[in-house]
Amino acid sequence: MLGLSKAAVAIFRSQGGSKRAVKRWWMTMNDGERRRAVVRSLSVAAAAIGVTTALPMVQSAHDIQREQADARLKSALFAELGDGGAAMRAHPAAPALIEHPWIVRLEDSLSQSHQPILGRHAARARDTAALSALARFGATDLSRAEVLASEHTCLSEAVFYEARSESTSGQLAVAEVVANRVRDHRYPNSICEVVYQGATRTTGCQFTFTCDGAMSLRPRGERWAKAQAVAAQVMLDLHEPRTSDATHYHANYVDPVWNSGLVRTRKIGVHIFYRFPQGREWSDARARLEARRVAEASGRIRTVSIDARETPPTLNVIGSAADSAATAAP
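Caption draft 1: Quick peek at the packing of aromatic side chains. Per the stated rule, a full pass over the model turns up 9 aromatic pairs. Ring geometry for Trp-258 versus Tyr-274: centroids 5.9 Å apart, planes at 80°, classification edge-to-face. Here Trp-258 is found in the loop between strand S1 (248-251) and strand S2 (263-268), whereas its partner Tyr-274 is found in strand S3 (residues 271-275), with 16 residues between them in sequence. On the basis of relative accessibility, which here comes to 9%, the residue Trp-258 falls in the buried class. Given the relative accessible area of 6%, Tyr-274 is considered buried. Put simply, the rings of Phe-160, Tyr-161, Tyr-196, Phe-209 and Trp-224 pair up and form one aromatic cluster. Here the basic side chain of Arg-164 rests over the ring of Phe-160, its NZ or CZ set 4.8 Å away from the ring centre. One residue, Arg-186, lies across the ring of Phe-276, its end atom 3.8 Å from the ring centre.

Pasting the structure below:
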């Protein structure tokens, strides 16, 4: 305690560190002891101020050293990647893609630009590789971009009009059905053709919003933005499959005939999803469908269908709602 005398310590303990004890302790010391106590107190205060000031400077220097070490590590990694690319091309089983000129130029650029100081020639090689790839962007690439934009719009419209009131999972499921149909040989090979299949005919549209007047309400707002995001996620194949390869669905408030000939997979939100039968499932599906048609013909079952050819007047409002259903008979 800064060289306190035994008497002072005894006073502190007896008085509990009160102001009177401090005063009595101070009075018990002579001038020399008081001078030494003041000097030591000032020294401790100065040391504390110095540590507080120096710590940020030390931390900043440490951060700079760490960043420099990370930069050296990344440079070494780029160099290793360049060597690895050359070794991979030399392998007899290497794919032809890695021989693409753009890949080779990119590797050369990386291998030259990993140096701590980028020289004139290395910078030129890097820029040449980037510009050569840009120079090859032509009319074909522009046409492909326009097609992708159109496909994205069609899928966004399907999500918006069919499931804009559904959860994100339900919207992803509807978009996934469209993507599954594109991959299925029984349907067209593009998103727009799948979504608008049969829309030009008076009957037979596959998605009810394309032929029931629902598109008179133009998509806009947050729900439209969300539908566009969902469509982009499915087109980029970044979503987790959730419908078990379903190619059909309908809302849970209808019971169309065609669902008897399919295999139910899941129910997500208000939509029930189905897929085509496989293998031995076909015989069971045909039997169910035939029994359903016989029962309906005999009047034992009254089927509520959402196909445009059979929609009763009382379902017109439902057919144009956000939760309308895909209605293609297999």
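Caption draft 2: Up close: the environment of Ala-246. Mapped onto the secondary structure, Ala-246 falls in the loop between helix H9 (221-235) and S1. Since its relative accessible area comes to 0%, Ala-246 is described here as buried. A C-alpha to C-alpha distance of 6.9 Å links Ala-246 and Asn-180, two positions 66 residues apart in sequence. For Ala-246, the contacting residues outside a window of four places in its chain are Val-177, Asn-180, Thr-265, Phe-273, Tyr-274 and Arg-275.

Caption draft 3: A look at the state of the cysteines. For the structure shown, the criterion picks out 2 disulfides. Disulfide pairing places Cys-154 opposite Cys-192 at an S-S distance of 2.0 Å. Negative torsions about the S-S bond denote left-handed disulfides, and the value of about 95° found for Cys-154 with Cys-192 makes this one right-handed. Taken together, the residues span a long stretch of sequence, with Cys-154 in helix H6 (residues 139-163) and Cys-192 in helix H8 (residues 191-195) at a distance of 38 residues. In this structure Cys-192 comes out as buried when scored by relative accessible area, which is 17%. The disulfide that involves Cys-205 links it to Cys-211, with 1.8 Å between the sulfurs. Owing to a relative accessible area of 1%, Cys-205 belongs among the buried residues under this scheme.

The rules behind these values
- Residues numbered from 1 in each chain as written.
- Predicted model: local features only at pLDDT ≥ 70, side-chain atom pairs only at ≥ 80, totals over all residues.
- Heavy atoms only, no water.
- Phe/Tyr/Trp six-rings, centres within 6.5 Å; stacked < 30°, edge-to-face > 60°.
- Helix = DSSP H or I, 4+ residues; strand = E, 2+ residues; numbered from the N terminus.
- Buried < 20%, exposed > 50% of the residue type's maximum accessible area, 1.4 Å probe, protein only.
- Lys NZ or Arg CZ within 6 Å of the ring centre and 35° of its normal.
- Contact = heavy atoms within 4.5 Å.
- Disulfide = S-S within 2.5 Å.

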